[in-house]
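Descriptive structure summary
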Amino acid sequence: MSAEPLGLDWHVREPPLSPCGVVARGDVVPSLAAAAARYVSAGTDLKVCHGDGWLVVLGDSNCLPWVDGVVYVGLEDGLHLPTTLRCSPPPGVVRRAVRPEPGPIREVIVLIGHDVLVGPAPARVADLQMLVELQ
Amino acid sequence: MRCTYTRPMDEGVTPIGVEADARAVQNAVRRARVGLVDRDVLTEVVALCAVSGEHLLVVGPPGTAKSDAVRRVSQQLGGQYFEYLLGRFTEPNELFGPINLQRLREGVVEVETAGMVPEADIAFLDEVFLGSTAILNTLLGILNERVYRRGNTLVACPLRLCVGATNRLPDDPALDAFADRFLARVFVEPVADARLEELLESGWQAESPAPLAGESLIPALERLSVAARACDHTQVRSLLGISVRRLRSAGVMLSDRRVVRAQRLVAAAAILDGRSFATADDLWVLPLVAPTADTQVLARETLVDLLATSKNATLLHAAEEFSRGPAARAERLAEAGRLLLEGLDESPDPDALLRIEATLREVDAAFTAEDLPSGLTEVRSQLVTASQAHAAPADS
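Residues numbered from 1 in each chain as written. Chains lettered and ligands numbered in written order. Predicted model: local features only at pLDDT ≥ 70, side-chain atom pairs only at ≥ 80, totals over all residues. Heavy atoms only, no water.

**Looking at the side chain of Asp21(B)**
All names here are of chain B. Assignment of secondary structure puts Asp-21 in helix α1 (residues 16-33). Taking the relative accessible area as the measure of exposure, Asp-21 reaches 7% and is therefore buried. Among residues more than four places away in sequence, those in contact with Asp-21 are Ala-220, Arg-223 and Leu-224. (Helix = DSSP H or I, 4+ residues; strand = E, 2+ residues; numbered from the N terminus. Buried < 20%, exposed > 50% of the residue type's maximum accessible area, 1.4 Å probe, protein only. Contact = heavy atoms within 4.5 Å.)

**Focus on the interface of chain A and chain B**
Listed as interface residues are 21 residues of chain A and, on the opposing side, 22 residues of chain B. A buried area of about 1800 Å², summed over both sides, lies between chain A and chain B, and 53% of it is on carbon and sulfur atoms. Note that Glu357(B) is salt-bridged to Arg38(A), the shortest N-O span being 3.6 Å. Linking chain A to chain B there are 8 residue pairs in polar contact (both at pLDDT 80 or more). Per-element tally for the side of chain A that touches chain B: the top contributor is helix α1 (residues 29-41) of chain A, with 4 residues. In the side of chain A that touches chain B, the residues fall into 11 nonpolar, 6 polar and 4 charged. (Buried area = accessible area lost by both parts, 1.4 Å probe. Salt bridge = Lys/Arg side-chain N within 4 Å of Asp/Glu carboxyl O. Polar contact = N/O pair within 3.5 Å; in protein donor to acceptor, adjacent residues only side chain to side chain. Nonpolar A, V, L, I, M, F, W, Y, C, P; charged D, E, K, R; others polar.)

**Observations concerning the confidence of the model for chain B**
All names here are of chain B. Of the residues in chain B, 93% reach a pLDDT of 70 or more, and the chain-wide mean stands at 90. Mean pLDDT values for the elements of chain B range from 87 in helix α8 (residues 196-205) up to 98 in strand β1 (residues 56-59). This model gives residues 1-13 a pLDDT under 50, and the stretch forms 30 contacts once residues within four places in sequence are excluded. Across the assembled chains, the prediction reports ipTM 0.93 with pTM 0.86. (pLDDT = per-residue confidence, 0-100.)

In structure tokens form, the structure reads like this:
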């Protein structure tokens, strides 16, 4: 699922965040799903979260798949943001706007552009069949 | 590497010969790294110190390839290499040579220094702080003045670089003066979890670089050192002053000796980057002279804006590690991409394709498409083409 778009400003972040996930949207989703399936078949520990027109693959920074057109994300204040960008308002403020309830976040929340992608936090390694269906 | 220059050094550019020497040193360091995992920074800093003439202290737990990395670089550079593991009961003659008994019978104290520290171009002393007072005092003379004195023996030491290794920095204040002679510090940790498989594979294969082919690179090091001593600091001196003031304000205390001698590292970095004048691009060496791992991190953070343009065409990994700046990162990734493309054949193996993807991942995770430096843009495009041309068929 997704949350209501937010009016976020983005600025270049230096140094970049360490990536812990990779996001594909629209036409790039099948390619990322195929790449993730290859990696999972080879034994790489990846977890997946997806919604309507988007796919997030989570894993160790050195084990994330690559396809042209994806965005790598890192964690800041419980939110996944593009590794190369810093958002304004800061993630802590955005988090309270998206999830005003106190306590730990039990979902994957990704901020990209003005969009907020929200999905359940995956508990297990990605299911190959699910990745095939996304291709 | 930069294009070849033809104007003489007094016009602000390096002669072609020095550029060729820098390239030779870079290739030597690359060969030395074959079979080593996550020791790119250490091997490059050894080369930097060899050019600058400043000594290096490597701090890290046992079994982290400290001696292996230094030995490999020394072997590739050529010259006389001396290595020893010091202990509390190590005798001076084990480092500096035995007394000549024949001459002693004649009443003259002379030392046989052949093959020992006084005649080494590069020396590696493991557990250096375990040496006795006699050993450390003698080493001080060699490190400072490049002179060994004992009785009738007076040797002008060709020592270009002494690398000391230790598991941890000494607590004894009495060792501070000796430790301060090691201007550059590299702190080594065990290989990261993400690269364990790579370590296991390279360790199993026990891959060693090919022995040095051709002539020793010691003359090349000497030419680079001479060029470094003539390096123009005009553009960077005020920046150095600003940097040192900031570091001191942040609590990174540097002795006057370290501040002054840091200029030699700056000069060596400039020469190895193909210039006869130092610029802000060379300030990445400053965190190297901070005395502890924590103060090196603090130094990098304190100088983050001054280090933003840092890069080095020869010491790619070290420049990036000590600046964490985008310019150095871009240069390192572009070079990595170029090497991958050069090694690509018509039917690349899956590992080669994975390495291409890994490099593309690093590039895309480090730069937005709009901020990608031009040199890296071209390399990325070529890597994408190669990846797509040899893409594995999609699973059905």
